[in-house]
2 protein chains.
Amino acid sequence: MAAEMAKRATIHDVARLAGVSIKTVSRVYKGEPNVRDVIRERVKEAGAQLRYRPNAAARNLVERRSNLIGLFFENPSAAYVTELQMGALERLRETRYRLLIFPVERRADILGALVETAHASGLDGIIVTPPMSDDPAILKELMESGMPFARVAGDLAVYPNSSVTIDDMAAAEELLHYLLSLGHRKIGFITGDLSHRSAQLRLAAYHKVLAGTGIEANPDYVAEGGFSFASGLVAGERLLTLKDRPTAIFASNDDMAAATLQVAFNHGIRVPDDLTVVGFDDSAIASMVAPQITTVRQPVFEMTRDAADMLLQQIESGKTEPSRQIGYKLIIRQSSGPLRV
Amino acid sequence: MAAEMAKRATIHDVARLAGVSIKTVSRVYKGEPNVRDVIRERVKEAGAQLRYRPNAAARNLVERRSNLIGLFFENPSAAYVTELQMGALERLRETRYRLLIFPVERRADILGALVETAHASGLDGIIVTPPMSDDPAILKELMESGMPFARVAGDLAVYPNSSVTIDDMAAAEELLHYLLSLGHRKIGFITGDLSHRSAQLRLAAYHKVLAGTGIEANPDYVAEGGFSFASGLVAGERLLTLKDRPTAIFASNDDMAAATLQVAFNHGIRVPDDLTVVGFDDSAIASMVAPQITTVRQPVFEMTRDAADMLLQQIESGKTEPSRQIGYKLIIRQSSGPLRV
DNA sequence: TTGAAAGCGCTAACAG
DNA sequence: CTGTTAGCGCTTTCAA
């Protein structure tokens, strides 16, 4: 029973009814000054009566912007994705910008299509997240397109600007040193998807710290994961069924750490008494499982919020912004404890 | 070093370079028939050379649509939100439609602003999720606006159409009967946010089933939650510190069930040996914790996918679609077991 | 199979 | 403070 879907009122209808020019109506609806209050009121009344709403497309056309920001992500962890989104939205709130989401399934598909998609949707700019934010081919495409973009955790070696980062390597090292300080020497490691730079960095930190401590590398202690919970299940199983299993496991993200906890539970291995498990990211899942997971807080929310901020600046100024780095933090919770002899 | 940001090529530039009319260029870029292959090629080449991309705003203006769908949600559970999004995106994939997300903080703020926002963003239609999909005031606003919409789990009593539902009441009852069949009689209940209809329905099912079995109602066994993990922590603590604590707890969603598991862990209460815990939704978290949670699968993904389908139909046909109902399923996992005497 | 001309609804100079 | 006049870049009759 919707009201007659009569053609929507336009600025001309409102102008006619209010007895003013369309320019004045435009001024009123854009909140511009230089309109007498009487007129302003009269226009608003006419607009309300006609149920007038400015046409977004017409406005976009002439203003040459859509106020649309695209968030591209490719990540198997729901918790991580939510943080990304909420961070971006936090910055966009109270602005005229809106957020469009673009999950990408396969990286191969997006190459060449990313800028295409962005243009087809009329985006004003895009936020690129790992691992796309590290990909030289994607970066190249982006830069050539002239489409404003900002990166979350984008590799500065690939391109030095427009990225919000943390010191991934240092963070992983700190976590490892914490494990050593607990007395652990048999430390297992679950990698992330090694096509992600962050996954490689964490693995490198693992090798570096162990080597620096003179611990002999045990290849069996490194299991390949892929950042997803399911992959953590497989990797955790591999590690925990070793004859000489590790006393501590460093999973490259919290989802996989949670998976390891589940594997341990099913084998009757108690955490942290019989096994220490640590994750990375401090995503929501880390504090939702029992025991709660010791992890490194990678402030994904803040990083994405800052990336959005950077993007808006670039859109408005037309200039590229330098990268920014923000801090991480070791968060000790219940899943880690001293080595039991 | 982006290429000179010379003004973007327009359809006129391409037409000129290809030596055809703009209408022909338009035909080529819309994939319309009735263009000789030679011409088509020539136009494409000219377009590529000029790096031409159709202007979305201009197209939207004349076609009177933006191909933008808005997803409005107000939910403290990240897992739930992700399912909503992925479901909608699943249907939109391979179509020309894109998804905009609108998290709603406070319901009060959105009333009156929802349609406003939708129009300001030029949306073609919107997907409304609980509890907004039950709210009479919001529904009224929506219907009067003429903006196409579809609802996820929207109350059919408030408005009979455009909703994808499950039989909430029956699902909750089945779960309760399962608990009874396990021998449990002291059954605790954690409510959701009671401003949500689904929360009320689940509570009603609890009272109904217990009454039907002749179990005396114990007010202490009902703790108020709010669907968030944090609220589950508080409610779980309340229930598990009772002198005569329940042997089974039914949390109104999985997040709160996970929280209850954590409280149990901290009190040294073993699940399922000493306590049975069940949730609702079968969201991702249910199978990521240890023990995995017994729950009722509310197919949020499918519901939202279908709501998106319904919405597209409505947009294209201009007609309202009847509601659809889909099935739920009891999923027994590790967190439930027979009553120990 | 192709093109000319007329808008879509709005903002933006530039006058008045 | 207000209005006139041009477009923005595209699709769409309607002819040819």
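Sequence order sets the numbering: in each chain, residues are counted from 1 along the sequence as written. For naming, the first written chain is A and the first written ligand is 1, with later ones following in the order written. Residue-level local features of this predicted model are given only where pLDDT is at least 70; pairs of side-chain atoms are given and counted only at 80 or more, and the full residue set underlies all totals for whole chains, interfaces and linings. Based on all heavy atoms of the structure, the side-chain values leave hydrogens and waters out of the count.

### Observations regarding the overall build of chain A
Secondary structure is summarised from DSSP: a helix means a run of H or I of at least four residues, a strand means a run of E of at least two, and numbering begins at the N terminus for each. A count of helices and strands for chain A gives 13 helices and 12 strands. Computation of the radius of gyration draws on C-alpha atoms alone. For the globule rule, the value is 2.2 Å times the number of residues to the power 0.38. Relative to the globule expectation of 20 Å for 341 residues, the C-alpha radius of gyration of chain A, 26 Å, shows a markedly less compact shape. In terms of principal-axis extent, the alpha carbons of chain A reach across some 90 × 45 × 35 Å. In chain A, buried positions account for 54% of the 341 residues. The contacts in chain A between residues at least 6 apart in sequence include a share of 70% that link residues at least 24 apart. Residue burial considers only the protein chains on display, and all accessible areas are found by Shrake-Rupley using a 1.4 Å probe. Carbon and sulfur atoms form 52% of the exposed surface of chain A, whose accessible area is close to 14,700 Å². Two residue types count as positive, namely Lys and Arg, and two as negative, namely Asp and Glu; His and chain ends fall outside the count. Where a charge lies is defined by one atom per residue type, namely NZ (Lys), CZ (Arg), CG (Asp) and CD (Glu). The positive charge centre, built from 39 side chains, and the negative charge centre, built from 41, are 8 Å apart in chain A. Partly exposed residues are those whose accessible area sits between 20% and 50% of the maximum for their type, while under 20% is buried and over 50% is exposed, using a 1.4 Å probe and protein chains only. The contact criterion used is simple: two residues touch if any of their non-hydrogen atoms lie within 4.5 Å.

### A short note on the UniProt feature "domain: HTH lacI-type" (unreviewed entry) in chain A
UniProt positions are given in the numbering used here, feature names are shortened, and annotations may be inferred rather than shown by experiment. Per the UniProt entry, the sites bearing "domain: HTH lacI-type" (unreviewed entry) are residues 9-63 of chain A in this numbering. Taken end to end, residues 9-63 of chain A is 69% helix and 0% strand, and its two terminal C-alpha atoms sit 21 Å from one another.

### Let's talk about the relation of the copies chain A and chain B
We place the copies in one frame by least squares, fitting the C-alpha atoms of every residue whose pLDDT is at least 70 in both. Take chain A, turn it by 180 degrees, move it 0.0 Å along the axis, and it overlays chain B with an RMSD of 0.1 Å. On the angle and the small slide along the axis, the relation comes out as a two-fold axis. No C-alpha of chain A lies nearer the rotation axis than that of L100 of chain A, which sits 2.2 Å from it. Taken together, the interface assignments show that 100% of the residues at the interface of chain A recur at the interface of chain B, consistent with an identical surface on both copies.

### What to know about the pairing of strand β3 (residues 125-128) of chain A
Residue and element names in this part refer to chain A. Burial along β3 is two-sided: the residues G125 and I127 and I126 and V128 are all buried. Examined bridge by bridge, strand β1 (residues 68-73) and β3 share 4 bridges and lie parallel to one another. Bridging across to β3, I69 finds its partner in G125. Only strands that DSSP links by at least two bridges are regarded as paired with each other. As judged from the 3 bridges shared by β3 and strand β4 (residues 149-152), these two strands associate in the parallel manner. Within β4, the position partnered with I126 by the bridge is F149. We call a crossover right-handed when, viewed with the strands running away from us, the connection from the first strand over the helix to the second turns clockwise. Each parallel crossover has a hand, and the one from β3 via helix α8 (residues 136-145) to β4 is right-handed.

### Describing the interface of chain A and chain B
Interfaces are often sized by the accessible area lost when the parts come together. At the interface, 53 residues of chain A touch 53 residues of chain B. Both faces considered, chain A and chain B share a buried interface measuring about 4,300 Å² in area, 61% of it formed by carbon and sulfur atoms. By convention in these notes, a salt bridge is any Lys or Arg side-chain nitrogen within 4 Å of a carboxyl oxygen on Asp or Glu. Taken together, the links from chain A to chain B amount to 4 salt bridges. Note that R53 of chain B and E116 of chain A form a salt bridge whose closest N and O atoms lie 2.8 Å from each other. Pairs of N or O atoms are called polar contacts if they sit within 3.5 Å, as long as, within protein, a hydrogen donor faces a hydrogen acceptor (for residues adjacent in sequence, only side-chain-to-side-chain pairs). Our count for the contact surface shared by chain A and chain B stands at 22 residue pairs in polar contact (both at pLDDT 80 or more). Put simply, the parts of the chain that give the side of chain A that touches chain B at least two residues each are α4 (56-63), β1, α5 (78-92), β2 (98-103), α7 (114-120), α8 and α12 (254-266) of chain A. Here the buried area means the combined drop in accessible surface, using a 1.4 Å probe, for two parts upon being joined, counting both sides.

### Here we look at the protein's contact with DNA strand D
Here a residue counts as near a molecule or strand whenever at least one of its heavy atoms sits within 4 Å of it. Taken together, 27 residues are adjacent to DNA strand D, and T24 of chain A together with I11, K23, S26 and Y52 of chain B come closest. Here the atoms of DNA strand D within 4 Å of the protein split so that 68% fall in sugar or phosphate, with bases taking the remainder. Between DNA strand D and I11 of chain B, the relevant distance is 2.4 Å, taken from a phosphate oxygen to a main-chain nitrogen or oxygen of the residue. Measuring from a phosphate oxygen of DNA strand D, one finds a side-chain N or O atom of R59 of chain B at 2.8 Å. For the surface near DNA strand D, the secondary-structure elements that each account for two or more residues are α2 (22-29) and α4 of chain A together with α2 (22-29) and α4 (56-63) of chain B. Of the residues forming the surface near DNA strand D, the biggest block, 5 residues, is contributed by α4 of chain B. Here the term charged refers only to Asp, Glu, Lys and Arg, the term nonpolar to Ala, Val, Leu, Ile, Met, Phe, Trp, Tyr, Cys and Pro, and the term polar to all other amino acids, Gly among them. Here the surface near DNA strand D is built from residues that sort into 12 nonpolar, 6 polar and 9 charged.

### Some words on the nonpolar core
Buried residues of nine kinds, namely Ala, Val, Leu, Ile, Met, Phe, Trp, Tyr and Cys, make up a nonpolar core once their side-chain atoms join them within 4.5 Å. Of all hydrophobic cores here, the largest spans 98 residues; its most connected members are F250 of chain A together with F250 of chain B. For F250 of chain B, the contacting residues outside a window of four places in its chain are A172, L175, L176, L179, G188, F189, I190, V278, G279 and F280 of chain B. Counting 52 residues, the second largest nonpolar core, distinct from the first, contains F73, A88 and L99 of chain A together with V164 of chain B.

### Let's talk about the packing of aromatic side chains
Two rings from Phe, Tyr or Trp (for Trp, the six-membered ring) form a pair when their centres sit within 6.5 Å of each other. Planes less than 30 degrees apart are called stacked, planes more than 60 degrees apart edge-to-face, and all others tilted. Evaluation of the coordinates by the stated rule reveals 12 aromatic pairs over all chains. Note on F72 of chain B and F102 of chain B: the rings are 4.5 Å apart at their centroids and 5 degrees apart in plane angle, and the pair reads as stacked. Within this pair, whereas F72 of chain B is found in strand β1 (residues 68-73), its partner F102 of chain B is found in strand β2 (residues 98-103), the two being separated by 30 residues in sequence. Connected via pairs of aromatic rings, a cluster forms that spans F189, Y206, F250 and F280 of chain A. Whether a charge sits over a ring comes down to the Lys NZ or Arg CZ being within 6 Å of the ring centre and within 35 degrees of the ring normal. Between R202 of chain A and the ring centre of F280 of chain A, over which it is positioned, the NZ or CZ distance is 3.8 Å.

### Regarding the sheet that holds strand β7 (residues 222-223) of chain A
All names here are of chain A. On the basis of which strands lie adjacent, the open sheet formed by 4 strands has the order β7-β6-β8-β9 and parallel pairing. Looking at which strands have only one partner, the edges of the open sheet turn out to be β7 and β9 (276-278). Working convention: axes come from line fits to C-alpha atoms, limited for helices to the stretch in contact. Angles between N-to-C directions cover 0 to 180 degrees. Of the strands in this sheet, β6 (187-190), β8 (248-251) and β9 are in contact with α12, which crosses β9 at around 155 degrees.

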